[in-house]
Amino acid sequence: MAIPSEESPRAAPPLKTSSGLSLTCIARFPKTRVLAWDGEVLYASRGYRLLRCRPAETSIRWEEVARFSPVWWRRLTSASRLGYRLMRDGFHALVVLPSGELIAALPGVIATLRPGEREFQVTHVLRRGTRPLNIAAAPDARVFWGEYFDNPGRDAVHVYGSDDRGASWKVVHTFEKGAIRHVHNIVYDRWEDCFWVLTGDVGAECRILRAALDWSRIEPVISGNQQARAVAAVPKEDGLYFASDTPLEQNYIYKLDRRRNLTRLAEIHASVLCGCAVGDAIFFTTMVEPSAVNLDRAVAVYGSADGTAWTRLKSWNKDGWPENLFQYGNVSLATGNNSKNLLAFTTVAAEGCDLEAWLWRPGVRSAALGRDGL
């Protein structure tokens, strides 16, 4: 299925601001990057230190879980915000396994923390690129990530997997030479018990594929143009919600229902890199990637209480540092299994709140009561 660039299978309504979804800030933390939820526990990092907390509205206390020891010069660059941004330091993705292992993407490596230990150990050195954009886990604790590197020659691209809880890695699938540029994301869907694989970046390279958990079958579901170029996808019981990530066209939020009907839900002002669910609500966040189409210089949080009406809830202007060196403005969301009714994200390269973690309580505004109800 290809998404037409100008007309969708079902027309997109204008972005609504009457959905009633609201956000109330309960905490913010400087120099902190949120990473992943594990039930009621939120993991975050400060430089190469991994932290966790059990958020409560009256008390939030971080404790150090473990550390990663980078090469010596990264200890220096990660000590300042600009050095951290310039060198893309710190933790970039984290997955928590039921058995207690933590698996992280860090600059140039995949590292694993075993139960009872206090220091991450390198279990794979990346040959291409600096890091995958995401790490995905199946219910049986097998873990996967896809290669993300510049790839101007369109070489073959691999998906790596581990069946020993991150101790070792092997190639489980290869996209042949010329098929794609790189893998954007792999997302587990518990309703279909499958993985959704998102790839980019040009023409037929832009794909949303459905993969079996053992990677024995992988089939394209949506492909063919910039509207199929996505990084963020959120599975829900009624379908897969995703948002486009293109600097070349207008961006939108879509829903692919379980019968493979595709609906364009809302227009958004910029490319999207992150998405998550908090209870019934769904959130996507945009980045500042300047182009002839993406003219807005703000990062933003979009949300929907029911997947239908979407609201631009919060936004921050990009700071003045050049994005080619010090990163695009972005809002990164905590991934994982979130059983708290809280939204956690980190603003990066945003004016007045660079590299700050935020905790927000989503609410649905009651017209009758005139207040937020959970």
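Quantities reported herein were computed from a predicted structural model and do not represent experimental measurements.

## Some points on the side chain of Thr-77
Part 1 of the reasoning: By the element assignment, Thr-77 lies in helix H1 (residues 72-77).
Part 2 of the reasoning: A polar contact is formed between the side chain of Thr-77 and the backbone oxygen of Arg-74, at a distance of 3.4 Å.
Part 3 of the reasoning: At 2.6 Å, the side chain of Thr-77 forms a polar contact with the side chain of Asp-89.
Part 4 of the reasoning: When neighbours within four sequence positions are excluded, Thr-77 is seen to be in contact with Gly-83, Tyr-84, Met-87 and Asp-89.

## Re the environment of Ala-334
Part 1 of the reasoning: Looking at where Ala-334 falls in the secondary structure, it is placed in the loop between strand S26 (330-333) and strand S27 (335-338).
Part 2 of the reasoning: A C-alpha to C-alpha distance of 8.3 Å links Ala-334 and Thr-346, two positions 12 residues apart in sequence.
Part 3 of the reasoning: When near neighbours in sequence (up to four residues on either side) are disregarded, Ala-334 contacts Val-34, Leu-35, Ala-36, Trp-37, Leu-42, Cys-276 and Ala-344.

## Points about the side chain of Arg-154
Part 1 of the reasoning: Counting through the fold element by element, Arg-154 comes out in the loop between strand S11 (143-146) and strand S12 (157-162).
Part 2 of the reasoning: According to the relative accessible area criterion, Arg-154 is buried, its value standing at 19%.
Part 3 of the reasoning: Within the structure, Arg-154 has its side chain in polar contact with the side chain of Glu-205 (distance 2.6 Å).
Part 4 of the reasoning: Setting aside residues no more than four positions away along its own chain, Arg-154 makes contact with Lys-177, Gly-178, Ile-180, Arg-181, Val-202 and Glu-205.

## Re the sheet that holds strand S25 (residues 311-317)
Part 1 of the reasoning: Spatially, S22-S23-S24-S25 is the arrangement adopted by the 4 strands of the open sheet, whose pairing is antiparallel. Each end of this open sheet is capped by a strand with a single partner; those strands are strand S22 (272-278) and S25. On average, adjacent strands in this sheet sit at an angle of 15° to one another, irrespective of strand direction.
Part 2 of the reasoning: With 4 bridges joining them, strand S23 (residues 281-286) and strand S24 (residues 298-304) adopt antiparallel strand pairing. Residue pairing across strands places Phe-283 opposite Gly-303, the latter belonging to S24.

## Some details on the packing of aromatic side chains
Part 1 of the reasoning: Counted under the stated rule, the structure contains 17 aromatic pairs.
Part 2 of the reasoning: Centre to centre, the rings of Phe-91 and Phe-120 are 5.3 Å apart; their planes meet at 65°, and the pair counts as edge-to-face. Note that Phe-91 is positioned in the loop between helix H2 (81-86) and strand S6 (93-96) and Phe-120 in the loop between strand S8 (109-113) and strand S9 (121-125), a separation of 29 residues in sequence.
Part 3 of the reasoning: A relative accessible area of 0% places Phe-91 in the buried class.
Part 4 of the reasoning: The class for Phe-120 is buried, based on a relative accessible area of 2%.
Part 5 of the reasoning: With 5.9 Å between their ring centres and 20° between their planes, Phe-345 and Trp-360 make a pair best called stacked. Linking Phe-345 in strand S28 (residues 343-348) with Trp-360 in strand S29 (residues 356-366), this pair joins segments that are 15 residues apart in sequence. Assigned by exposure class, Phe-345 and Trp-360 land together as buried.
Part 6 of the reasoning: Taken together through their ring pairs, the aromatic side chains of Phe-144, Tyr-188, Phe-195 and Trp-215 make up a single cluster.
Part 7 of the reasoning: Against the face of Trp-191 rests Arg-190, its NZ or CZ located 4.0 Å from the ring centre.

## Digging into the sheet that holds S27
Neighbouring strands of a sheet are bound in pairs by backbone hydrogen bonds; such pairs are parallel or else antiparallel.
Part 1 of the reasoning: The strand order S5-S4-S3-S2-S27 describes an open sheet built from 5 strands, whose pairing is mixed. The open sheet has two edge strands, strand S5 (63-67) and S27, and neither has a second partner. For this sheet, the mean angle separating the axes of adjacent strands, direction not counted, is 30°.

## Notes on the confidence of the model for the protein
Part 1 of the reasoning: Counting all residues, the mean pLDDT for the protein is 92, and 93% of those residues have values of 70 or more.
Part 2 of the reasoning: Low confidence marks residues 6-18, where pLDDT is under 50. Its contacts with residues over four positions away, or in another chain, come to 29 contacts.
Part 3 of the reasoning: Overall, residues 366-374 carries pLDDT values under 50, and its contacts beyond four positions in sequence, including any with other chains, amount to 16 contacts.

## A word on the nonpolar core
Part 1 of the reasoning: Among the nonpolar cores identified, the biggest contains 21 residues, and Leu-23, Phe-283, Val-301, Trp-316, Leu-343, Phe-345 and Trp-360 are the most heavily contacted of them.
Part 2 of the reasoning: If you list the elements that add at least two residues to this core, you get strand S1 (21-30), S22, S23, S24, S25, S26, S28 and S29.
Part 3 of the reasoning: Looking at this core element by element, the count peaks at 3 residues for S22.
Part 4 of the reasoning: If we ignore the near neighbours within four places in the chain, the residues touching Phe-345 are Val-34, Val-301, Trp-316, Val-331, Ser-332, Leu-333, Glu-356, Ala-357, Trp-358 and Trp-360.
Part 5 of the reasoning: Judged by nonpolar contacts, the second largest core, of 19 residues, contains Leu-35, Val-41, Leu-50 and Leu-102.

## Observations regarding the pattern of salt bridges
Part 1 of the reasoning: In this structure the tally under the stated criterion is 25 salt bridges.
Part 2 of the reasoning: Between Arg-85 and Asp-319 there is a salt bridge, with the nearest N and O atoms lying 2.8 Å from each other. Of this pair, Arg-85 sits in helix H2 while Asp-319 sits in the loop between S25 and helix H3 (323-326); the two residues are 234 residues apart in sequence, bridging distant segments of the chain.
Part 3 of the reasoning: Accessibility expressed as a relative area gives 10% for Asp-319, which makes it buried.
Part 4 of the reasoning: Ionic pairing is found between Arg-142 and Asp-140, a salt bridge with its closest N-O pair at 2.8 Å.
Part 5 of the reasoning: Relative accessible area serves as the criterion here: at 21%, Arg-142 is assigned to the partly exposed category.

About the cut-offs
- Residues numbered from 1 in each chain as written.
- Predicted model: local features only at pLDDT ≥ 70, side-chain atom pairs only at ≥ 80, totals over all residues.
- Heavy atoms only, no water.
- Helix = DSSP H or I, 4+ residues; strand = E, 2+ residues; numbered from the N terminus.
- Polar contact = N/O pair within 3.5 Å; in protein donor to acceptor, adjacent residues only side chain to side chain.
- Contact = heavy atoms within 4.5 Å.
- Buried < 20%, exposed > 50% of the residue type's maximum accessible area, 1.4 Å probe, protein only.
- Pairing = 2+ DSSP bridges.
- Axes fitted to C-alpha atoms, helices over the stretch in contact; angles between N-to-C directions.
- Phe/Tyr/Trp six-rings, centres within 6.5 Å; stacked < 30°, edge-to-face > 60°.
- Lys NZ or Arg CZ within 6 Å of the ring centre and 35° of its normal.
- pLDDT = per-residue confidence, 0-100.
- Core = buried A, V, L, I, M, F, W, Y, C linked by side-chain atoms within 4.5 Å.
- Salt bridge = Lys/Arg side-chain N within 4 Å of Asp/Glu carboxyl O.

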